[in-house]
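# Overview (structure and organization)
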Amino acid sequence: QVQLVESGGGSVQAGGSLRLSCAASGRTFSSMGWFRQAPGKEREFVAAISSSGGSRHYADSVQGRFTMSRDGAKNTVYLQMNSLKPGDTAVYSCAARRSVGINMDPKNYDYWGQGTQVTVSS
């Protein structure tokens, strides 16, 4: 059974940091991504990483503040979020693809975690 389990969400003041984790089980995935959805808004792409971890892509809104990484041995990906802003408040979900290649469209991901809440106060 394939599972993606996120952890690490919480509440933080603006300028603070959080690290999200997503542990995958059931199989090894190719590329993985992080997405977020704020109340009343559509799900949006945050970051993605290739199977080797050598290629990464970020949304413009988080470039330079967020870093995605992966630990192949643990089958886990991380999202280090620094300099957080109130606009980063959302439910963050990790997703995994069976296909090779980084992708920013949530429709191209096959598996999803349950999501973890990140709240940034001003």
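Structure: above.
First, a word on scope: everything that follows refers to the structure included in this document. Source: prediction; values computed, not measured.

### Let's talk about the overall build of the chain
Helix and strand counts for the chain stand at zero helices and eleven strands. Compactness check: the chain gives a C-alpha radius of gyration of 13 Å against a globular reference of 14 Å for 122 residues, within 12% of the reference. Over its C-alpha atoms, taken along the principal directions, the chain stretches across nearly 40 × 25 × 25 Å. Looking at the 122 residues of the chain, the share that counts as buried comes to 44%. Considering only residue pairs separated by 6 or more positions, the chain has 59% of its internal contacts joining residues 24 or more positions apart. As displayed, the chain offers around 6100 Å² of accessible surface, 44% of which is attributable to carbon and sulfur atoms. Here the chain contributes 13 positive and 8 negative side-chain charges, whose respective centroids are spaced 4 Å apart.

### Quick notes on the side chain of Ser21
Within the secondary structure, Ser21 sits in strand E3 (residues 18-25). Judged by relative accessible area, Ser21 falls into the buried class, the value being 15%. Discounting residues that sit within four places of it in the chain, Ser21 has contacts with Val5, Glu6, Ser7, Trp34, Thr76, Val77 and Tyr78.

### Here we look at the pairing of strand E4 (residues 32-37)
Within E4, five of the six residues are buried, which leaves the element mostly enclosed by the surrounding structure. The pairing of E4 with strand E5 (residues 44-49) spans five bridges and is antiparallel. Bridge pairing in E5 links Arg36 to Glu44. The hairpin formed by E4 and E5 contains six residues between the paired strands, and Gly40 there has a positive phi angle of roughly 80 degrees. In this sheet, strand E9 (residues 90-96) lies alongside E4 in antiparallel orientation, the contact comprising six bridges. Looking at E9, one finds that Phe35 is bridged to Ser93.

Here is what the cut-offs are and how they apply
- Residues numbered from 1 in each chain as written.
- Predicted model: local features only at pLDDT ≥ 70, side-chain atom pairs only at ≥ 80, totals over all residues.
- Heavy atoms only, no water.
- Helix = DSSP H or I, 4+ residues; strand = E, 2+ residues; numbered from the N terminus.
- Rg over C-alpha atoms; globule rule 2.2 N^0.38 Å.
- Buried < 20%, exposed > 50% of the residue type's maximum accessible area, 1.4 Å probe, protein only.
- Contact = heavy atoms within 4.5 Å.
- Areas by Shrake-Rupley, 256 points an atom, 1.4 Å probe, with all protein chains shown as cover.
- Lys, Arg positive; Asp, Glu negative; His and termini not counted.
- Charge placed at Lys NZ, Arg CZ, Asp CG, Glu CD.
- Pairing = 2+ DSSP bridges.

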